Structure formats: C-alpha cells, structure tokens
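Now for the letters of each chain:
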Amino acid sequence: MVPHLVLHFGVIGRFPVKLFKNAWFERFARKQKLDDGVLREAIQRAEQGLIDADLGGGVIKQRVARPGQGKSGGYRTIILYRQQHRAFFVYGFAKSQQSNINDDEKAAFKQAAQHVLDLSETQLEALIQKGQFLEVDDNG
C-alpha cells in the first residue's frame, strides 16, 4: 500500500487518474448496471499496485464486482492504463461468458494503448466530442 495515495483519496478527494470509458464499454457497463464507483475502485486498486493481471504495453485486466456481489463472480475489465495519468476502460466480460481474451485481442489492445495513452489533451477532447470516449467524473 502506498500511503500518499491513501491520503490523496481520503483527504483531498481528487482522483489522481483521469478515467474514461469508450462507447462500447459505456453500453456494457449500463447493461450490466456497473456504476462509475466500481470503475474508480478498480483504478484505485491499480494505483496501489493491486493489479489483477498486467498484460503489458499499458494494458491491465481488473476484476469488478457485480452489483451486490463480490469481484470473484463479477466482470473482467480491460483497461488501457498509465499510472497516475489516465485509464481507459475499453472492454468487459463476465467470466461465465468468456474465459479470457485471446492473443490477437491482447495484441490489438496493446496497439490501442500505444496510441490512446499518448493522445494530447486536444486530441482526447476531440474524441470525447465525437462520442468515442466519455470521461468518468470524480463524483460519479
């Protein structure tokens, strides 16, 4: 556990990482009734070094709980992630529906991470305006 991150979350209340969802993930989250709080929690764990699976190249997999249940029977999320900077939720699945992503999907996510994590603020804002990404507000 990193003490300064706990202080940052607990006292200041400002989330250190900007969170985004792509349009596909927004629909998935809405259908599965995943609120933004569980997404922030997944990134908070990542910021503390608690990453469920580091797939390399700026891609991580984090579990999120089903509403009213635990993480083990919940959903797996694929996140393009750069610590203390940005996190993009881009894909999700129930473990009961899909065991994991395949090597081709992993390669595609790594390629996307190279591009997306290096977007300038102006480029990112343009993609938000086009509806390709939605920023997750600090307060939900």
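Structure report, in brief. These numbers come from a predicted model, not from an experiment.

1. Focus on the pairing of strand β3 (residues 59–64)
Okay, step 1: Burial runs high along β3: 5 of the 6 residues are buried.
Okay, step 2: Counted between consecutive antiparallel strands, the loop separating strand β2 (residues 53–56) from β3 contains 2 residues, among which G57 sits at a positive phi close to 65 degrees.
Okay, step 3: Bridge analysis of β3 against strand β4 (residues 75–82) gives 6 bridges, and the strand direction is antiparallel. Note on β4: the bridge partner recorded for R63 is R76.

2. Describing the packing of aromatic side chains
Okay, step 1: Overall, the coordinates contain 9 aromatic pairs when judged by the stated rule.
Okay, step 2: Taken together, a centroid distance of 5.4 Å and an interplanar angle of 10 degrees make the contact between W24 and F28 stacked. One end of the pair, W24, and the other, F28, are both in helix α2 (residues 23–32), 4 residues apart, so they sit about a helical turn from each other.
Okay, step 3: By relative accessible area, W24 is classed as partly exposed at 35%.
Okay, step 4: Take F28: its relative accessible area is 11%, and that puts it in the buried class.
Okay, step 5: Members of the aromatic cluster, connected to one another through ring pairs, are W24, F25, F28, Y75, F89, Y91, F93 and F109.
Okay, step 6: Positioned above the aromatic ring of Y75, the side-chain terminus of R66 is 4.6 Å from the ring centre.

3. Observations concerning α2
Okay, step 1: Buried residues of α2: F25, F28 and A29, and no others. With its buried residues spanning 95 degrees around the axis, α2 presents them on a single face. Of the exposed residues in α2, the ones pointing more than 90 degrees away from its buried face are R30 and K31.
Okay, step 2: At its buried positions, α2 is contacted by β1 (18–22), α3 (36–47), β4 and β5 (86–94).
Okay, step 3: The first or second residue beyond α2 is K33, which carries a positive phi of 60 degrees.

4. Here we look at the side chain of N22
Okay, step 1: Considering the arrangement of structural elements, one finds N22 in strand β1.
Okay, step 2: Leaving out residues up to four positions away in the same chain, N22 has contacts with F89, V90, Q132 and F133.

Parameters at a glance
- Each chain has its residues counted from 1, following the order in which its sequence is written.
- Per-residue local features of the predicted model are confined to residues with pLDDT of at least 70, and side-chain atom pairs are confined, for both listing and counting, to 80 or more; whole-chain, interface and lining totals are unaffected and use all residues.
- Side-chain metrics in this entry use all non-hydrogen atoms of the structure; hydrogen atoms and water are not considered.
- Only protein chains enter the accessibility calculation, which uses a 1.4 Å probe; a residue is then buried when its area is under 20% of its type maximum, exposed when over 50%, and partly exposed in between.
- Secondary structure is summarised from DSSP: a helix means a run of H or I of at least four residues, a strand means a run of E of at least two, and numbering begins at the N terminus for each.
- Between any two strands, at least two bridges found by DSSP are needed for them to pair.
- By convention, a stacked pair of Phe, Tyr or Trp rings (six-membered ring in the case of Trp) has centres within 6.5 Å and planes under 30 degrees apart, an edge-to-face pair has planes over 60 apart, and any other such pair is tilted.
- Here, a charge over a ring is recorded when the distance from Lys NZ or Arg CZ to the ring centre is within 6 Å and its angle to the ring normal is within 35 degrees.
- It is the directions from the helix axis to the C-beta atoms that the arc portrays.
- Only heavy atoms enter the contact rule, under which two residues are in contact if any of them lie within 4.5 Å.

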